Amino acid sequence: MSGTPTGRLNGRTALITGAGSGIGRESALLFAAEGARVVVCERDEAAGRVTVEHVEAQGGQALLALADVSDDAQMRQAVESAVDWTGGLHVLFNNAGIFPARDGSPVETPLDVWQLVIDVNLKGVFLGCKHAIPAMIESGGGSIINTASFVAVMGAATSQIAYTASKGGVLAMTREIAVEYARRGIRANALCPGPVNTPLLEEFLSDPAQRARRLVHIPMGRLAEASEVAQAALYLACPESSYVTGSTFMVDGGITAAYVTPE
Ligand code: NAD
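Worth saying up front: this structure is predicted, and the values here are computed from it rather than measured.

Q: Which residues make up the overall build of the protein, and what values go with them?
A: When you go through the protein residue by residue, the secondary structure sums to eight helices and seven strands. Against the 2.2 N^0.38 benchmark of 18 Å for 263 residues, the protein shows a C-alpha radius of gyration of 18 Å, consistent with a compact globule. Buried residues in the protein amount to 51% of all 263 residues. Of the contacts formed within the protein by residues at least 6 apart in sequence, a portion of 74% connects residues at least 24 apart.

Q: Explain the layout of surface pockets to me, and be specific about the residues and the numbers.
A: The calculated volume of the second largest pocket comes to roughly 170 Å³. As for the second largest pocket, its lining consists of 14 residues, and the residues nearest its centre are Arg12, Gly141, Gly142, Ser143 and Arg187.

Q: So, the site of the ligand: which residues are in play, and what are the values?
A: Surrounding the ligand, one finds 29 residues, the nearest of these being Ser21, Glu42, Tyr163, Val196 and Thr198. At 2.8 Å, a backbone N or O of Ile23 approaches an oxygen atom of the ligand. One nitrogen or oxygen atom from the main chain of Asn95 is found 2.7 Å from an oxygen atom belonging to the ligand. For the ligand, whose unbound accessible area comes to 830 Å², protein coverage reaches 95%. Per-class residue counts for the shell around the ligand are 14 nonpolar, 10 polar and five charged.

Q: Tell me about the side chain of Arg187, and name the residues and values.
A: Inspection of the secondary structure assignment puts Arg187 in strand S6 (residues 186-193). Here Arg187 sits buried without a salt bridge, and the closest side chain of opposite charge, Glu240, lies 7.7 Å off (N-O distance). Ignoring any residue separated from it by four or fewer positions in sequence, one finds Arg187 in contact with Gly142, Ser143, Ile144, Leu236, Ala237, Cys238, Ser241, Ser242, Val244 and Thr245.

Q: How would you explain the pairing of strand S4 (residues 91-94) if you had to name every residue and give the values?
A: Moving residue by residue along a regular strand, the side chains alternate between the two faces of the sheet. Residues Val91 and Phe93 line one face of S4 and the alternating positions Leu92 and Asn94 line the opposite face, and both faces are buried. In terms of strand pairing, S4 meets strand S5 (residues 142-147) through four bridges, oriented parallel. Bridged to Phe93 within S5 is Ile145. Following the chain from S4 across helix H4 (residues 111-138) to the adjacent parallel S5, one finds a crossover that is right-handed.

Q: Tell me what's going on with the pattern of salt bridges, and back it up with residues and numbers.
A: Counted according to the given criterion, the structure contains four salt bridges. Here Arg8 ties to Glu240 by a salt bridge, and the two come within 3.2 Å at their closest N and O atoms. With Arg8 in the segment before strand S1 (13-17) and Glu240 in the loop between helix H8 (226-237) and strand S7 (248-251), this residue pair connects regions lying 232 residues apart in the sequence. Of the charged contacts in the structure, one is a salt bridge between Arg102 and Asp112, with a shortest N-O distance of 3.2 Å. Taken together, the residues Arg102 in the loop between S4 and H4 and Asp112 in helix H4 connect sequence positions 10 residues apart.

Q: A description of H4 should follow, citing residues and the corresponding values.
A: Counted at 1.5 Å a residue, the expected span for H4 with its 28 residues is 40 Å, and the 39 Å between its end C-alpha atoms agrees. The largest bend in H4 amounts to roughly 35 degrees and is located at Lys123.

Q: Give a detailed account of the packing of helix H1 (residues 22-33) against H8, specifying residues and quantitative values.
A: One way to put it is that H1 packs onto H8 with a least axis distance of 8 Å and a crossing angle of 55 degrees. By the angle between their axes, H1 is oblique relative to H8. In this structure, H1 crosses over H8, and the sense of that crossing is right-handed. Contacts between H1 and H8 involve Gly22, Ile23, Glu26, Ser27, Leu30 and Phe31 on the former and, on the latter, Ala226, Ser227, Val229, Ala230, Gln231, Ala233, Leu234 and Ala237. Looking at the contact of H1 with H8, its residues break down into nine nonpolar, four polar and one charged.

Q: Residue-level account of the side chain of Thr198, with values.
A: Relative to the helices and strands, Thr198 resides in the loop between S6 and helix H6 (199-202). On the accessibility criterion, Thr198 (10% relative accessible area) is buried. In contact with Thr198, not counting residues within four places along its chain, are Gly22, Ile23 and Ala226.

Q: Residues and numbers for the packing of helix H3 (residues 72-86) against H4, please.
A: Between H3 and H4, the shortest axis-to-axis distance is 9 Å and the interhelical angle comes to 30 degrees. Classified by the angle between their axes, H3 and H4 sit roughly parallel to one another. Handedness of the H3/H4 crossing: right-handed. Where H3 abuts H4, its residues Asp72, Met75, Arg76, Val79 and Val83 lie against Leu127, Gly128, Lys130, His131, Ala132 and Ala135. Partitioned by chemical class, the residues of the contact of H3 with H4 number six nonpolar, two polar and three charged.

Rules behind the numbers
Residues numbered from 1 in each chain as written. Predicted model: local features only at pLDDT ≥ 70, side-chain atom pairs only at ≥ 80, totals over all residues. Heavy atoms only, no water. Helix = DSSP H or I, 4+ residues; strand = E, 2+ residues; numbered from the N terminus. Rg over C-alpha atoms; globule rule 2.2 N^0.38 Å. Buried < 20%, exposed > 50% of the residue type's maximum accessible area, 1.4 Å probe, protein only. Contact = heavy atoms within 4.5 Å. 1 Å grid on protein atoms, 1.4 Å probe; cavity = no way out; pocket = protein on both sides within 12 Å on 5 of 7 lines; lining within 4 Å. Points joined across faces, edges and corners; volume = space filled by probe spheres on them. Near = heavy atom within 4 Å. Polar contact = N/O pair within 3.5 Å; in protein donor to acceptor, adjacent residues only side chain to side chain. Areas by Shrake-Rupley, 256 points an atom, 1.4 Å probe, with all protein chains shown as cover. Nonpolar A, V, L, I, M, F, W, Y, C, P; charged D, E, K, R; others polar. Lys, Arg positive; Asp, Glu negative; His and termini not counted. Salt bridge = Lys/Arg side-chain N within 4 Å of Asp/Glu carboxyl O. Pairing = 2+ DSSP bridges. Right-handed = clockwise from strand over helix to strand, strands pointing away. Expected span 1.5 Å × (residues − 1). Bend = angle between axes of the 7 residues up to and from the residue. Axes fitted to C-alpha atoms, helices over the stretch in contact; angles between N-to-C directions. Parallel < 35°, antiparallel > 145°, perpendicular 65-115°, else oblique. Left-handed = near helix turned anticlockwise from the far one by under 90°.

Here's what the structure looks like:
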């Protein structure tokens, strides 16, 4: 299932952060199946290696770039390794993110948790853009997909305040990048998933009451699968979305459209 003559990302290099799990891994597999050479940018070496092996097993091409997205030098190195490997960079999927259990209301969230979440979820996206944009311009342009969340546009009475603030920042930052670079061939969109069935939410939703409290607000009545979010990321990465930039791209099972959900 490697790139085909009609692969939608043939000849493209895509760097995906957090590609060792969940949405990032599914996207690595999908992008590679559409012909992209995928840079698996991950801080967890073992998880990143598994993704590379899976891509190669399906006949695709992948390279592991070990990096913590919140580290300036490591992200510069990750982008350099993409360019050294393939000669260019066309797609940046800033997907890595964390959701620590100790992130709660503003009153109870410890400062170190606040800082960690902002460093990974917001500064990490900034650093990805900072280092990739020059390489993308040099490569003739491309597409940036920054993962925000439905919580960037909606509030919850059970807050994860640092996470929500970080995702709001990602959304605002993405709009500005889209405007600034629109005439230089770079598109930037904020991908906003609803709750997705990945390890990120596993612990949180293992409590049946927590799970039920969330499902009631989703018109579709279920979580997304990571592969469904990967398909949306693929659309944003591909030339098919050539006139889409600066968007708040909801992939949320209808959450943000709902006032009352079906019984
Ligand atoms: P996940 O936990 O399954 O995977 C995240 C990956 O990111 C892991 O492989 C992890 O090792 C990596 N990572 C974490 N911190 C990193 C760092 N500092 N540097 C490099 N890699 C790092 O998560 P997921 O559910 O696939 O989430 C992916 C993105 O989607 C995140 O930005 C998350 O906030 C967002 N999102 C998830 C949901 C959901 O319900 N799962 C909903 C909305 C948005």
